[in-house]
2 protein chains.
Amino acid sequence: MGEDLTNQSDALRTESTTGILGYRLRRAQLSVFQRFLQVFEEMRLRPAEYSVLLLIDDNPGRKQTEIADALGIKRANFVTLVHALQARGFLERRAAAGDRRANALHLTGEGVQFLAAARARHEDMEQQLLSQLGGEASRNQLLALLDRLS
Amino acid sequence: MGEDLTNQSDALRTESTTGILGYRLRRAQLSVFQRFLQVFEEMRLRPAEYSVLLLIDDNPGRKQTEIADALGIKRANFVTLVHALQARGFLERRAAAGDRRANALHLTGEGVQFLAAARARHEDMEQQLLSQLGGEASRNQLLALLDRLS
DNA sequence: CAAACATTGTTATATTCCATAGCATTGGCT
DNA sequence: AGCCAATGCTATGGAATATAACAATGTTTG
């Protein structure tokens, strides 16, 4: 006999949470974002900012609200984002063609350059994630499954 | 000639973001959490709170820090969570057996009852997600892939 | 044993993200 | 002209998260 009375700090049972899709999704997303923050710490680039730069690069001249909507960001909160990126010289808010209310968003030369560097860095990160997932097939499957939840 | 000069608000190009794993993960996670918040609005239960109740139910008598660690919650922030659930009568903080600093967490009868109701509600939600994913096989595959990212 | 150190729960605080309300300016429509 | 919608913006609050510091207690070490 003689149970071990010394601080038996066993591992916890976690079966209940492992069955929850939302919980697992959150953990995975947090892990990926955490890595993003590390990788882009010295560039001082946040995930949302990166997505903004990408979208403007592919859609120059669009209005703030259009970009914000596409990213699921409230236009009120988008203002701060854009101003910060503008303050760093990465984008311009030009007067929109036929609408004096709207700002047409464009990347500056500096912004294009910065985005190129970010893209390279991000490419490496995606490559790491790819190898974690075990190949292109797994990655594509994951993306397809995620789409069904969105 | 004659391009259409009337506000041509075409769809934006989003290829750049669709290739980003983290972005897609975030959107899916947000979508699932959004639904959770809707489903549990009248029960006034947040995702984190639900996970706390589940974990205590499976591991009664554990210390706050143990539960918090398992969920990736800082113990400082965990205090508020626990106090709120205690204020609603769902759990108790009893004196831990051999440690006068620690609180041993236990569900109350009311807590068990509440958790049962939450579980039932959550079961329905998972069932919906399952059908969105297209079956058990897809769900299991998704969970496996998510694990490789965590 | 006494001293040094670690852990536990807690408070306070700052930051970031996200949502809502309201506003001035401008545009579109009737 | 008059009404309503859209656009960018400010202000503000809530929620999640991170850190620092603290008192009480436990653990380890000289």
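Just so it is clear, the model here is predicted, and its values are computed rather than measured.

Turning next to the packing of aromatic side chains. All names here are of chain A. The tally for this structure, following the rule as stated, stands at 8 aromatic pairs over all chains. Consider the rings of Phe-36 and Phe-40, whose centres lie 4.3 Å apart with planes at 25 degrees: the pair is stacked. Residue Phe-40 is classed as buried on the basis of its relative accessible area, which comes to 1%. Measuring from ring centre to ring centre gives 5.9 Å for Phe-36 and Tyr-50, while their planes differ by 45 degrees; the resulting arrangement is tilted. Of this pair, Phe-36 sits in helix α2 (residues 21-39) while Tyr-50 sits in helix α3 (residues 47-58), and the two are 14 residues apart along the sequence. Looking at Phe-36, the relative accessible area reads 6%, which means it is buried. Put simply, the rings of Phe-36, Phe-40 and Tyr-50 touch in pairs and so form one group of aromatic residues.

Taken together, the neighbourhood of DNA strand D is formed by 19 residues, with Lys-63, Thr-65, Arg-93 and Arg-101 of chain A together with Arg-100 of chain B sitting nearest. Asn-77 of chain B places a polar side-chain atom, nitrogen or oxygen, 2.9 Å from a base nitrogen of DNA strand D. Measuring from a phosphate oxygen of DNA strand D, one finds a backbone N or O atom of Arg-100 of chain B at 2.8 Å. Examining the composition of the surface near DNA strand D, we find that 4 residues originate from one element, helix α5 (residues 75-87) of chain A, more than from any other.

The operation relating the two chain copies consists of a rotation about an axis and a shift along that axis. Laying chain B over chain A is done by rotating through 180 degrees and shifting 0.0 Å along the axis; what remains is an RMSD of 0.0 Å. Taken together, the rotation angle and the small translation identify this as a two-fold axis. Within chain B, Leu-142 of chain B has its C-alpha nearest the rotation axis, a separation of 3.2 Å. Both copies contact each other with a shared surface, as 100% of the interface residues of chain B are interface residues in chain A too.

In this complex, chain B contributes 56 residues to the contact, which on the side of chain A involves 56 residues. In total, chain B and chain A occlude about 5,100 Å² of area from one another, counting both sides; carbon and sulfur atoms represent 61% of this. Remark: the boundary between chain B and chain A carries 2 salt bridges. Put simply, Asp-147 of chain A and Arg-24 of chain B hold a salt bridge, and the shortest N to O gap is 3.0 Å. Between the two partners, chain B and chain A, sit 21 residue pairs in polar contact (both at pLDDT 80 or more). Looking at the side of chain B that touches chain A, the element that brings in the most residues is helix α2 (residues 21-39) of chain B, giving 12 residues. Here the side of chain B that touches chain A is composed, by residue class, of 22 nonpolar, 19 polar and 15 charged.

Okay, the pairing of strand β3 (residues 103-107) of chain B next. All names here are of chain B. In terms of burial, β3 is a largely internal element, 4 of the 5 residues being buried. Pairing of strand β1 (residues 62-63) with β3, which is carried by 2 bridges, proceeds in the antiparallel orientation. From the neighbouring strand, Arg-62 faces β3, where its bridge partner is Leu-105.

Attention now goes to the protein's contact with DNA strand C. As a matter of local geometry, DNA strand C sits amid 19 residues, with Arg-100 of chain A together with Thr-65, Arg-75, Arg-93 and Arg-101 of chain B nearest to it. Taking the atoms of DNA strand C that fall within 4 Å of the protein, sugar and phosphate contribute 58% of them. Put simply, the parts of the chain that give the surface near DNA strand C at least two residues each are α5 of chain A together with α4 (64-71) and α5 (75-87) of chain B. The element contributing the most residues to the surface near DNA strand C is α5 of chain B, with 4 residues.

Let us now look at the side chain of Asn-59 of chain B. Among the secondary structure elements, Asn-59 of chain B is positioned in the loop between α3 (47-58) and β1. Not counting residues within four places of it along the chain, the set of residues in contact with Asn-59 of chain B comprises Leu-12 and Arg-13 of chain A together with Ile-67 of chain B.

Cut-offs and rules
Residues numbered from 1 in each chain as written. Chains lettered and ligands numbered in written order. Predicted model: local features only at pLDDT ≥ 70, side-chain atom pairs only at ≥ 80, totals over all residues. Heavy atoms only, no water. Phe/Tyr/Trp six-rings, centres within 6.5 Å; stacked < 30°, edge-to-face > 60°. Buried < 20%, exposed > 50% of the residue type's maximum accessible area, 1.4 Å probe, protein only. Helix = DSSP H or I, 4+ residues; strand = E, 2+ residues; numbered from the N terminus. Near = heavy atom within 4 Å. Polar contact = N/O pair within 3.5 Å; in protein donor to acceptor, adjacent residues only side chain to side chain. Least-squares fit on C-alpha atoms with pLDDT ≥ 70 in both. Contact = heavy atoms within 4.5 Å. Buried area = accessible area lost by both parts, 1.4 Å probe. Salt bridge = Lys/Arg side-chain N within 4 Å of Asp/Glu carboxyl O. Nonpolar A, V, L, I, M, F, W, Y, C, P; charged D, E, K, R; others polar. Pairing = 2+ DSSP bridges.

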